[in-house]
Amino acid sequence: MIYRVIMENTKSIPNKIALIDNGEEISYSALGVAIQDMETELLALLDEREPIGICLRNSAEFLACLCASDKLKHPALLLSVGFRRNEILCHLENAHARFVVCFEEMSKVFEEIGGVLVKKYGKLYFFKFEIELDLTKYEEDDYFCQLTSGSQGESKGAIRTKQQVWKEIQETTEMLGVDENDMFLTMPPLSHSYGLIFGALTPLCIGATLVMEKQFTADGTVNAISKHHITTLILVPFMYELIINKKYKDKSAFSSLRICLSAGAILTEKVILGFYELSGSYINSDYGSTESGVMCINVDPINKLDSVGRSVGDRKFRVVDEDGNVIGNNEIGRVQTRSKCNLRCYLYPEMFNETIQDGWLSLGDIGYLDDEGYVYILGRAKNFINVGGEKVDPAEVEKVIMEIPGVKEVVVVGKNSDTYGQIVKAVIVKEGELNKPQIAQYCLNKIATYKIPKIIEFVDEIPKSATGKILKKYIVN
């Protein structure tokens, strides 16, 4: 369906600009030719229905390759260009993907992990690996396998079908009211659900224009907004924050904006209000996941500032207690969702398929629903720290530490302890002079003793994914 709709646009509006790829304008007609040429290349390379690894930065080539794999029924394994070598090889093996396509800048990486260059096509390099092919894991309607961030541990491969993604595009388009007259600027990686589905596939399906830049900078993004009269801005929280920190005086650069979305990490009140002051536009929180795509959008950020929004389309939400019992509105528990957009299955590890019960997907988030159906997320269930039987919400401790002058950024995690089960650890990026006793003393006057960090570590940078999600698995030890 997605392939058919995009190809229909290449014929009905051939001269309209489909993409502006790092300054290069590509018409719908030219995009159609690129897709068909890619079909020829994949047809000569792959066995019927075998998966293809795509490890490309945001580009016209990424979208041409994905559309071609859709037409030929090759499930796409979407690999981040930021993955470590061992991560890439692990995902290729788990997905039974023998072939992967990349740009030249990634070619050395694939050579070093055992790939053999089998073809060059334009800017693209195709590598083959000695990996066992197993098509029993895939079904005919499978569209792609996207990978969770693995912020807590091992990444998971989630299979979504063409019908599931098409339904998400339809529902999100209807809720936000975007159409062919919109100009999209998408900066998050297309290897992630947020950047790919609403950020790229949606504008191409509705006949709009998509602008992509090779890399994010605050100045480059603001210039692109002004130059291309962007109406639909798709960023992640840290990108908005960097723009705010620039303190642009000329608000006219933002005058074309109609929709500003944010996903991938927590959007704070400070960022929402800071961007409004700068641009005159409120940011709409987009609550989504790899497994389910966009689930909620906050279309009323003025009155529901702390909410991630209400459900998109016919999606259902509920909140359950630790025993799995459904609880009422405004009661805190584990958030679950049910939708025809949800993943078909976890390709790997398969044991996670057990977390889907009667169509209800457990998201791993703690939160609640209000009486108007708005969803509020308080944190990840796995993030809560168990100190001698007492539950500590890391977000509460982080909020207190951020009040301390000189703290630029903080992440609070639980570290295993033989005595207490876990103890609280704070990892801090500081500005200027600040020491550990100052942190502990300030916390002593604000929160319970068991919540005070027993370990305080100063670092230059906190590890994050490409979408700005904190990778806590690298800081818990």
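So, how was this worked out
Residues numbered from 1 in each chain as written. Predicted model: local features only at pLDDT ≥ 70, side-chain atom pairs only at ≥ 80, totals over all residues. Heavy atoms only, no water. Axes fitted to C-alpha atoms, helices over the stretch in contact; angles between N-to-C directions. Helix = DSSP H or I, 4+ residues; strand = E, 2+ residues; numbered from the N terminus. Parallel < 35°, antiparallel > 145°, perpendicular 65-115°, else oblique. Contact = heavy atoms within 4.5 Å. Nonpolar A, V, L, I, M, F, W, Y, C, P; charged D, E, K, R; others polar. Buried < 20%, exposed > 50% of the residue type's maximum accessible area, 1.4 Å probe, protein only. Phe/Tyr/Trp six-rings, centres within 6.5 Å; stacked < 30°, edge-to-face > 60°. Lys NZ or Arg CZ within 6 Å of the ring centre and 35° of its normal. Pairing = 2+ DSSP bridges. Right-handed = clockwise from strand over helix to strand, strands pointing away.

A. View of the packing of helix 6 (residues 162-176) against helix 7 (residues 193-206). In contact at an axis separation of 10 Å, helix 6 and helix 7 are set at 85° when each is read in the N-to-C sense. The pairing of helix 6 with helix 7 is recorded here as roughly perpendicular in orientation. Judged by residue contacts, Val-165, Trp-166, Glu-168, Ile-169, Thr-172, Thr-173 and Leu-176 of helix 6 engage Ile-197, Phe-198, Leu-201, Thr-202, Cys-205 and Ile-206 from helix 7. The residue makeup of the contact of helix 6 with helix 7, split by class, is 9 nonpolar, 3 polar and 1 charged.

B. The arrangement of unusual backbone geometry in detail. Look at the link from Tyr-348 to Pro-349: it is a cis peptide, with omega at -20°. Relative to the helices and strands, Pro-349 is located in the loop between strand 19 (345-348) and strand 20 (356-357). If you check the backbone angles, Lys-73 has positive phi at about 65° while not being a glycine. Looking at Lys-73, the relative accessible area reads 35%, which means it is partly exposed. Not every positive phi belongs to a glycine, and His-96 is a case in point at roughly 55°.

C. Geometry of the packing of aromatic side chains. Counted by the stated rule, this structure contains 11 aromatic pairs. Relative to Phe-129, the ring of Phe-110 lies with its centre 6.3 Å away and its plane at 70°, an arrangement referred to as edge-to-face. Highlighted residues: Phe-110 in helix 5 (residues 104-112) and Phe-129 in the loop between strand 7 (124-128) and strand 8 (142-147), separated in sequence by 19 residues. Residue Phe-129 is classed as buried on the basis of its relative accessible area of 3%. Put simply, the rings of Tyr-240, Tyr-248, Phe-254 and Phe-275 touch in pairs and so form one group of aromatic residues. In this structure, Arg-318 packs its charged tip against the face of Trp-360, placed 4.2 Å from the ring centre.

D. Quick look at the pairing of strand 3 (residues 52-55). Taking every second residue as pointing to the same face, both faces of strand 3 are buried, with Ile-52 and Ile-54 on one and Gly-53 and Cys-55 on the other. Pairing analysis gives 3 bridges linking strand 3 to strand 4 (residues 76-78), with the strands arranged parallel. Bridging from a neighbouring strand, Gly-53 pairs with Leu-77 of strand 4. The parallel pair strand 3 and strand 4, bridged by helix 3 (residues 60-71), forms a crossover whose chirality is right-handed.

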